[in-house]
Amino acid sequence: MISQTTKGIKVTVKTDYEGSFFKSKKVCYTFSYHITIENNTANYVQVKGRLWEIYDALNSVKVVHGEGVVGEQPIIEPGASYTYSSGCVLNSPLGAMRGCYEVMNMSNEGYFRAEIPSFKLSAPFVLN
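Everything quoted here is computed from the prediction, not taken from an experiment.

Some thoughts on the state of the cysteines
Working step 1: For the coordinates displayed, the defined rule picks out 0 disulfides.
Working step 2: Looking at Cys28, it has no disulfide partner, and the nearest cysteine sulfur is the one in Cys88, 11 Å off.

Take a look at the structure:
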């Protein structure tokens, strides 16, 4: 697991290799990631959006920007956390992701970015 804290919002990431499959005569590698967002501030916060940079060892960077996380814009009370799981498909057994969440402090409606630490995606057979 890897963690990073920005302005009292701690983001922890755990990854898993899920397997491979063939698509259009190419091997694709699937990974899941499990994220916990902890609110260590004195205010309610809401995750309004996300920005991901997905790196594939065989391709260029893919940027994904969208509202909320997994179709939700969770409100996290002080001292609480929100956990979700998602995944990605790469054309290589090795890659990485990083990004940020757009977070709103609900007490003053101010926005800030909570960094998502860079994390590796690697199939177990890649690492000797």
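With respect to the packing of aromatic side chains
Working step 1: In the structure shown here, the tally under the stated rule is 7 aromatic pairs.
Working step 2: Between Trp52 and Phe119, the aromatic rings sit 5.9 Å apart at their centres with planes inclined by 90°, giving edge-to-face as the arrangement. You can see Trp52 sitting in strand E4 (residues 45-56) and its partner Phe119 sitting in strand E9 (residues 110-122), a full 67 residues away along the chain.
Working step 3: Seen in terms of ring centroids, Tyr82 and Tyr84 are 6.1 Å apart; in terms of plane orientation they differ by 35°. Their pairing is tilted.
Working step 4: Members of the aromatic cluster, each reached through a chain of ring pairs, are Tyr17, Tyr29, Phe31 and Phe125.

Side note on the side chain of Ser92
Working step 1: In this fold, Ser92 is placed in the loop between strand E7 (81-90) and strand E8 (94-105).
Working step 2: In terms of polar contacts, Ser92 uses its side chain to reach the backbone amide nitrogen of Leu94, at 3.1 Å.
Working step 3: When near neighbours in sequence (up to four residues on either side) are disregarded, Ser92 contacts Tyr29, Phe31, Asp56, Ala57 and Leu58.

Cut-offs and rules
Residues numbered from 1 in each chain as written. Predicted model: local features only at pLDDT ≥ 70, side-chain atom pairs only at ≥ 80, totals over all residues. Heavy atoms only, no water. Disulfide = S-S within 2.5 Å. Phe/Tyr/Trp six-rings, centres within 6.5 Å; stacked < 30°, edge-to-face > 60°. Helix = DSSP H or I, 4+ residues; strand = E, 2+ residues; numbered from the N terminus. Polar contact = N/O pair within 3.5 Å; in protein donor to acceptor, adjacent residues only side chain to side chain. Contact = heavy atoms within 4.5 Å.

In short, shape yes, function no, at least from these values alone.
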